[in-house]
Amino acid sequence: MKQYKIKRGFKPDIDRIYSVMEECFPGEIFRNGIYLETAHGAMSKIKVWISNKMLCVDTASDKIISDDKIILQTNKDFREFLYKATGYTTKERMKNAAKDINSKS
């Protein structure tokens, strides 16, 4: 499970996250209490929820899929989801993660 900061101005609201998931992951999205779940491309499970104003994401890869095009497209779609959900680019998310690690040391 990974946690991502949500940029100021991006509401930490599960309904907004649901809309972003609909945009990025075509297919059925299931609501289970505070959790949203779907599967997409090379990911057999994408589980998302909000905790302490942070986006929490738990994923599982589909080990059967070995087509590089599907894997790359899945990765691209997932990065796009994280960007739209958090407001941070991949580079900014890495910088935030590094800050969090350094502050805990």
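This paragraph deals with the layout of surface pockets. Of the voids in this model, the largest pocket is the one considered here, and its volume is about 510 Å³. Along the wall of the largest pocket there are 20 residues; nearest its centre are Lys 2, Gln 3, Tyr 4, Arg 93 and Ala 97. Contributing elements (two or more residues each) for the lining of the largest pocket: β1 (2-5), β5 (54-61), α2 (68-86) and α3 (90-104). For the lining of the largest pocket, the element with the most residues is α3, which contributes 6 residues. Across the lining of the largest pocket, the residue classes tally to 9 nonpolar, 4 polar and 7 charged.

Another point: the packing of aromatic side chains. This model, assessed by the stated rule, comprises 3 aromatic pairs. Judged by centre distance (5.2 Å) and plane angle (45°), the rings of Phe 25 and Phe 81 are tilted. Taken together, the residues Phe 25 in the loop between α1 (14-24) and β2 (30-32) and Phe 81 in helix α2 connect sequence positions 56 residues apart. The two residues Phe 25 and Phe 81 agree in class, both being buried. Judged by centre distance (6.3 Å) and plane angle (35°), the rings of Phe 78 and Phe 81 are tilted. Highlighted residues: Phe 78 and Phe 81, both in helix α2, separated by 3 residues, approximately one helical turn. Both residues of the pair, Phe 78 and Phe 81, belong to the buried class.

Moving on to the confidence of the model for the protein. Of all residues in the protein, 98% attain a pLDDT of 70 or more, and the chain-wide mean is 94. Mean pLDDT values over the elements of the protein span from 84, in α3, up to 98, in strand β3 (residues 35-40).

Let us look at the sheet that holds β5. Taken in spatial order, the 5 strands line up as β1-β5-β4-β3-β2 in an open sheet, and their pairing is antiparallel. Each of the sheet's edge strands pairs with one partner strand only, and the pair in question is β1 and β2. Adjacent strand axes in the sheet meet at a mean angle of 25° when their direction is disregarded. By the bridge criterion, 4 bridges tie β3 to strand β4 (residues 43-51) in an arrangement that is antiparallel. Within β4, the position partnered with Glu 37 by the bridge is Lys 47. Sheet contacts for α1: β2, β3, β4 and β5; angle to β4, the most-contacted strand, approximately 155°. Strand contacts of α2: β1, β3, β4 and β5, with the helix running at about 170° to β5, the strand carrying the most contacts.

Rules and cut-offs
- Residues numbered from 1 in each chain as written.
- Predicted model: local features only at pLDDT ≥ 70, side-chain atom pairs only at ≥ 80, totals over all residues.
- Heavy atoms only, no water.
- 1 Å grid on protein atoms, 1.4 Å probe; cavity = no way out; pocket = protein on both sides within 12 Å on 5 of 7 lines; lining within 4 Å.
- Points joined across faces, edges and corners; volume = space filled by probe spheres on them.
- Helix = DSSP H or I, 4+ residues; strand = E, 2+ residues; numbered from the N terminus.
- Nonpolar A, V, L, I, M, F, W, Y, C, P; charged D, E, K, R; others polar.
- Phe/Tyr/Trp six-rings, centres within 6.5 Å; stacked < 30°, edge-to-face > 60°.
- Buried < 20%, exposed > 50% of the residue type's maximum accessible area, 1.4 Å probe, protein only.
- pLDDT = per-residue confidence, 0-100.
- Pairing = 2+ DSSP bridges.
- Axes fitted to C-alpha atoms, helices over the stretch in contact; angles between N-to-C directions.
- Contact = heavy atoms within 4.5 Å.

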